[in-house]
Amino acid sequence: EPEVTQTPSHQVTQMGQEVILRCVPISNHLYFYWYRQILGQKVEFLVSFYNNEISEKSEIFDDQFSVERPDGSNFTLKIRSTKLEDSAMYFCASSYRSGRAGELFFGEGSRLTVL
Amino acid sequence: AQSVTQLDSHVSVSEGTPVLLRCNYSSSYSPSLFWYVQHPNKGLQLLLKYTSAATLVKGINGFEAEFKKSETSFHLTKPSAHMSDAAEYFCVVSDQGTYKYIFGTGTRLKVLA
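Here we summarise the structure given alongside this text.

**A closer look at the overall build of chain B**
Within chain B, the regular secondary structure consists of zero helices and 12 strands. The helix and strand sequence of chain B, counted from the amino end, reads β-β-β-β-β-β-β-β-β-β-β-β. Dimensions along the principal axes, computed over C-alpha positions, put chain B at roughly 45 × 30 × 20 Å. Within chain B, the proportion of its 113 residues that are buried is 46%. By sequence separation, contacts in chain B at least 24 residues apart represent 57% of the contacts at least 6 residues apart.

**Let's talk about the pattern of salt bridges**
Residues and elements named next belong to chain B. One pass over the full model with this rule turns up seven salt bridges over all chains. K78 is the salt-bridge partner of D85, the closest N and O atoms lying 2.8 Å from each other. Pair check on accessibility: D85 and K78 agree, each one buried.

**Regarding the environment of H82 of chain B**
All names here are of chain B. With respect to the helices and strands, H82 occurs in the loop between strand 9 (73-78) and strand 10 (87-95). The exposure class of H82 is partly exposed, given its relative accessible area of 42%. Taking the C-alpha atoms as reference, H82 lies 9.6 Å from N61; in sequence the two are 21 residues apart. Every residue in contact with H82, bar those within four places of it in the chain, is listed here: E15 and V111. Within the local environment of H82, its side chain forms a polar contact with the side chain of S84, the two groups lying 2.8 Å apart.

What counts and what doesn't
Residues numbered from 1 in each chain as written. Chains lettered and ligands numbered in written order. Predicted model: local features only at pLDDT ≥ 70, side-chain atom pairs only at ≥ 80, totals over all residues. Heavy atoms only, no water. Helix = DSSP H or I, 4+ residues; strand = E, 2+ residues; numbered from the N terminus. Buried < 20%, exposed > 50% of the residue type's maximum accessible area, 1.4 Å probe, protein only. Contact = heavy atoms within 4.5 Å. Salt bridge = Lys/Arg side-chain N within 4 Å of Asp/Glu carboxyl O. Polar contact = N/O pair within 3.5 Å; in protein donor to acceptor, adjacent residues only side chain to side chain.

Structural data, given as structure tokens:
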């Protein structure tokens, strides 16, 4: 069964360092998303991406964050200068459609710990 | 604007008894609604979805949910809880024409032996 894969599963970094989280969405999907979940809290929308551009982003997704689809398979989330409060589980998701009938398929997550 | 409220942060049931996890939504347009489950240290798995077809939706592992527009609710039920159902459950809403899926705060289900 096709699945979304994320790497790394866990990354520890120092405050101020750049981090890149990688995702390989399901191959025929067209919409890509990043969500984050701070420990014990709700799953928060960060950004959606379609047709090689950001389609929607939340207020959390500030200038420190960027997304890219550098080739036909990878979808990356970059945090330029990490802060302590960026520590969270980051989930990548993809869907064939958006909204109606377009359920999200999630990866297992990348746990980011900022020291 | 779309939003979703999960009325209970924690629910405890005994094994073999019914499960009810409540979800109310707010949507400007005709929403799509989903329930996802998250087992400890795992990703998010789709249980079921409503996309304007039948209002009673059946999902995996014996779960089902009923879309009630008049009550703006999409409660998740299961007739008989199993120990393996212990997990966090998220109700999710997405408006037509948006690229955003909004999660509720989650309900942690505990199943007692």
